[in-house]
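# Tertiary structure, described
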Amino acid sequence: MSREPRWTQTWLSGTPAVQDYPGQRLGLPEQGKGSIARFGRRLGALFIDWLICAWAISQGLLRLTGTDAALVTIGILALEYVLLVGTMGMTFGMRLLNIRVATLDGGQPSPKAVLIRTVLLILAVPALIFDKDQRGLHDRAAGTVVLKEK
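Residues numbered from 1 in each chain as written. Predicted model: local features only at pLDDT ≥ 70, side-chain atom pairs only at ≥ 80, totals over all residues. Heavy atoms only, no water.

### Some remarks on the overall build of the protein chain
Applicable threshold: Only DSSP runs of H or I reaching four residues or more are called helices, and only runs of E reaching two or more are called strands; each is numbered from the N terminus. The cut-offs for exposure are 20% and 50% of the maximum accessible area for each residue type, with area from a 1.4 Å probe on protein chains only; residues under the lower value are buried, those over the upper are exposed, and the others partly exposed. Reported accessibility uses the Shrake-Rupley method at a 1.4 Å probe radius. Residues are deemed covered only where the shown protein chains occlude them.
For the protein chain, the count of helices and strands is six helices and two strands. In the protein chain, buried positions account for 38% of the 150 residues. As presented, the protein chain carries roughly 8400 Å² of accessible surface, and 65% of it is formed by carbon and sulfur atoms.

Structure, rendered in structure tokens:
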């Protein structure tokens, strides 16, 4: 696989990166297993995880409301991501939607990469700024990519 350009090169104009589909310059297939998971599927997985953490755990199990529930939900979501992505490469929502987090070579992300990715994901803004390969700033900083499983 060719060396990945600096993270700024995928957002700044003038980059000589011609591609027909997200993930092409990373050497990933256009469709099917191992291809880039699109934004809708990723957002759906995050929504499922958020519901599990907010309604099932914070409000249902712990019976929290208001600001306490919001802060605990964020903490539980972060813990879910660190534990599950760190061990299985996917959260519950990702599993339901057949996507996973991987390194650029398809391997399991390191604990450091998972932690970096999770902290930036919780901040929300880095996850909403993404490049032509649909990798958010949190994925770029962690050296990860979200791929389809099926």
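### Some remarks on the environment of Gly44
Within the fold, Gly44 resides in helix α1 (residues 39-61). We classify Gly44 as partly exposed; its relative accessible area is 21%. In sequence terms Gly44 and Met94 are 50 residues apart; their C-alpha atoms lie 8.4 Å from each other.

### Re a nonpolar patch on the surface
Here is the rule we go by: Patch rule: a residue counts if its relative accessible area is over 30% and it has no salt bridge; like charges are joined within 9 Å, and nonpolar side chains (Val, Leu, Ile, Met, Phe, Trp, Tyr) within 5 Å. Salt bridges are counted wherever a side-chain nitrogen of Lys or Arg sits within 4 Å of a carboxyl oxygen of Asp or Glu.
Among the surface-exposed residues, Phe39, Leu43, Leu128 and Phe130 lie close enough to one another that they form a single nonpolar patch of about 390 Å² accessible area. Position of Phe130 relative to the elements: it lies in the loop between α5 (125-128) and α6 (137-142).

### Observations concerning the pairing of strand β2 (residues 144-148)
Here is the rule: DSSP-based pairing: two strands are paired if at least 2 bridges between them are found.
Taking burial as the measure, the five residues of β2 include five buried ones, the bulk of the element. Neither face of β2 is exposed, since Thr144, Val146 and Lys148 on one face and Val145 and Leu147 on the opposite face are all buried. Pairing geometry for strand β1 (residues 99-103) and β2, over five bridges, is antiparallel. Paired with Val101 across the two strands is Val146, which belongs to β2.

### A closer look at the packing of aromatic side chains
Operational definition: Working definition: rings of Phe, Tyr and Trp (its six-membered ring) pair if their centres are within 6.5 Å, and the pair is stacked with planes under 30 degrees apart, edge-to-face with planes over 60 apart, and tilted otherwise.
On inspection of all chains with the given rule, the structure shows one aromatic pair. Ring centres of Phe39 and Phe130 lie 5.6 Å apart, and the angle between their planes is 25°; on these two criteria the pair is classed as stacked. A residue pair is termed long-range when its members are at least 10 positions apart, and Phe39 in helix α1 and Phe130 in the loop between α5 and α6 qualify at 91 residues. Look at Phe130 and you get partly exposed, because its relative accessible area is 37%.

### Quick notes on the environment of Ile116
The condition that has to hold: Only heavy atoms enter the contact rule, under which two residues are in contact if any of them lie within 4.5 Å.
Of note, Ile116 is situated in helix α4 (residues 111-122). Taking the C-alpha atoms as reference points, Ile116 and His138, 22 residues apart in sequence, are found 7.2 Å from one another. If sequence neighbours within four positions are ignored, Ile116 has contacts with Ala141 and Ala142.

### A look at the layout of surface pockets
Rule in force here: The method works on a 1 Å grid over the protein atoms by themselves. A cavity is a set of points holding a 1.4 Å probe that cannot get out, a pocket is an open set with protein on both sides within 12 Å along at least five of seven lines, and residues with an atom within 4 Å of a point line them. Grid points are joined across faces, edges and corners, and a volume is the space filled by probe spheres set on the points.
Considered as a void within the structure, the largest pocket measures approximately 320 Å³ in volume. As for the largest pocket, its lining consists of 18 residues, of which Arg42, Leu46, Leu121, Ala127 and His138 are closest to the centre. Taken together, the elements giving at least two residues each to the lining of the largest pocket come down to α1, α4 and α5. The dominant element in the lining of the largest pocket, judged by the number of residues it contributes, is α1, at five residues.

### Observations regarding the packing of helix α2 (residues 66-88) against α4
So the rule is basically this: The axes used here are C-alpha line fits, helices contributing only the stretch in contact, and every angle between their N-to-C directions lies in the interval 0 to 180 degrees. Any angle from 65 to 115 degrees is called roughly perpendicular, while one under 35 is roughly parallel, one over 145 is roughly antiparallel, and all others are oblique. Left-handed describes a crossing in which the near helix is turned anticlockwise from the far one by less than a right angle; the clockwise case is right-handed. Residues were grouped as follows: Ala, Val, Leu, Ile, Met, Phe, Trp, Tyr, Cys and Pro as nonpolar; Asp, Glu, Lys and Arg as charged; and all remaining residues, including Gly, as polar.
Remark: α2 packs on α4, axes separated minimally by 9 Å, with the N-to-C direction vectors making an angle of 150°. When the axis of α2 is compared with that of α4, the two are roughly antiparallel. In terms of crossing hand, the pair formed by α2 and α4 is right-handed. Contact residues: Ile74, Leu77, Ala78, Tyr81, Val82, Val85 and Gly86 in α2; Val114, Leu115, Arg117, Thr118, Leu121 and Ile122 in α4. Of the residues that constitute the contact of α2 with α4, the class distribution is 10 nonpolar, two polar and one charged.

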